[in-house]
Amino acid sequence: KNPQYKSFPEYAFVLRNYAELVDEYDKSLIMYKKAFHMFVKENRMDLAAQVLVSKSMFLAYKGEMKGAYKALDKAVSLKEVRDSHMLNNYAVLDILSGNTTVKTTAYLNDAILLQSDPYEKTITECNLLTAYTILKDRVHAEQTYQQILDGNWKRYQYQEFLHIVYMDLYFYSNTFEESELAEES
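As the structure is a computational prediction, the values presented were derived from the model and not from experiment. (Residues numbered from 1 in each chain as written. Predicted model: local features only at pLDDT ≥ 70, side-chain atom pairs only at ≥ 80, totals over all residues. Heavy atoms only, no water.)

**A look at the overall build of the protein**
Secondary structure assignment for the protein yields nine helices and zero strands. In the protein, the order of α-helices and β-strands from amino to carboxyl end is α-α-α-α-α-α-α-α-α. Taken along the three principal axes of its C-alpha coordinates, the protein extends 65 × 30 × 30 Å. A burial count over the protein gives 39% of its 185 residues as buried. Counting only contacts in the protein whose residues sit at least 6 apart along the sequence, the fraction spanning at least 24 positions is 54%. As displayed, the protein offers around 11,300 Å² of accessible surface, 53% of which is attributable to carbon and sulfur atoms. (Helix = DSSP H or I, 4+ residues; strand = E, 2+ residues; numbered from the N terminus. Buried < 20%, exposed > 50% of the residue type's maximum accessible area, 1.4 Å probe, protein only. Contact = heavy atoms within 4.5 Å. Areas by Shrake-Rupley, 256 points an atom, 1.4 Å probe, with all protein chains shown as cover.)

**Here's the deal with the nonpolar core**
Membership of the largest hydrophobic core comes to 27 residues, with the highest contact counts inside it found for F39, V51, A75 and L93. Listing elements by their share of this core, those giving two or more residues are α1 (11–19), α2 (25–41), α3 (45–61), α4 (65–77) and α5 (83–96). Here the element with the most residues in this core is α3; it accounts for ten residues. Beyond its immediate stretch of four places on either side in the chain, L93 contacts S56, M57, A60, M65, A68, Y69 and L72. Counting 21 residues, the second-largest nonpolar core is a separate cluster that includes L129, Y132, V165 and Y172. (Core = buried A, V, L, I, M, F, W, Y, C linked by side-chain atoms within 4.5 Å.)

**Regarding the side chain of N127**
Structurally, the position occupied by N127 is in helix α7 (residues 118–134). Beyond its immediate stretch of four places on either side in the chain, N127 contacts N88, V92, I95, L108 and D168.

**With respect to helix α6 (residues 102–114)**
Look at α6: 19 Å from first C-alpha to last across 13 residues, which is about the 18 Å you get at 1.5 Å a residue. Packed against the buried residues of α6 are α5 and α7. (Expected span 1.5 Å × (residues − 1).)

**With respect to the environment of D46**
Tracing the backbone shows D46 in helix α3. In sequence terms D46 and N89 are 43 residues apart; their C-alpha atoms lie 16 Å from each other. A distance of 2.7 Å separates the side chain of D46 from the side chain of R44, its partner in a polar contact. (Polar contact = N/O pair within 3.5 Å; in protein donor to acceptor, adjacent residues only side chain to side chain.)

**A short note on the packing of α6 against α7**
Where α6 meets α7, the axes come as close as 9 Å, and the angle between the chain directions of the two elements is 160°. Comparing the axis directions of α6 and α7 gives the class roughly antiparallel. Considering how the two elements wind past one another, α6 and α7 form a crossing that is left-handed. Residues T104, T105, L108, N109, A111 and I112 of α6 touch α7, and the partners they reach there are K121, T124, E125, N127, L128, A131 and Y132. Classifying every residue of the contact of α6 with α7 by side-chain character gives six nonpolar, five polar and two charged. (Axes fitted to C-alpha atoms, helices over the stretch in contact; angles between N-to-C directions. Parallel < 35°, antiparallel > 145°, perpendicular 65-115°, else oblique. Left-handed = near helix turned anticlockwise from the far one by under 90°. Nonpolar A, V, L, I, M, F, W, Y, C, P; charged D, E, K, R; others polar.)

**Focus on unusual backbone geometry**
The residue N43 is not glycine, and still its phi comes out positive at about 60°. Inspection of the secondary structure puts N43 in the loop between α2 and α3. Residue N43 is classed as exposed on the basis of its relative accessible area of 60%. Its identity is not glycine, yet K136 carries a phi of approximately 60°, on the positive side.

**Remarks on α3**
Between its first and last C-alpha, α3 extends 24 Å over 17 residues, near the 24 Å set by a 1.5 Å rise per residue. Counting buried residues in α3 gives twelve out of 17 residues, a clear majority hidden from the surface. Taken as a whole, α3 has its buried residues at L47, A48, A49, V51, L52, V53, S54, S56, M57, F58, L59 and A60. Here the buried face of α3 lies against α1, α2, α4 and α5.

Keep in mind these numbers describe shape, not what the thing actually does.
Printed below as a string of structure tokens:
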């Protein structure tokens, strides 16, 4: 709330992060826009692209898929988004828009191969598990499930991250358990 802080480039990080937490849709979009323009002004196109990726996911979770794809396309056009993030985020948009296909799993498998960060790799594996589960590809889903379980993800004691992992593991387990129960009856 200190107006002097708004002149520092670091304030753009605050805006981007806070935009994800605010319950007011329009306020979030304004914060994303301000953060984007602050990073552009500082010639930090890599960080400006990250803002657009965050905005894309925000819009996707609000059900605005057209805007989500548009924001991600703009981020990619800045040529500052790592290939692994680009593939992962396009796949997530496919999943959230109900268009999960074999192409989605191909994007995610490629993203995993390109990942060097174990944290990001785990998130991408979780997205892959979700895609295989949606496609009812039990063999690949089981392999991915086991990959995640065997990973070292529990070292990250970050609540949002752990929530993602546990929810995707639950989605897999619950989906295939329900289909087994249906087959038995």
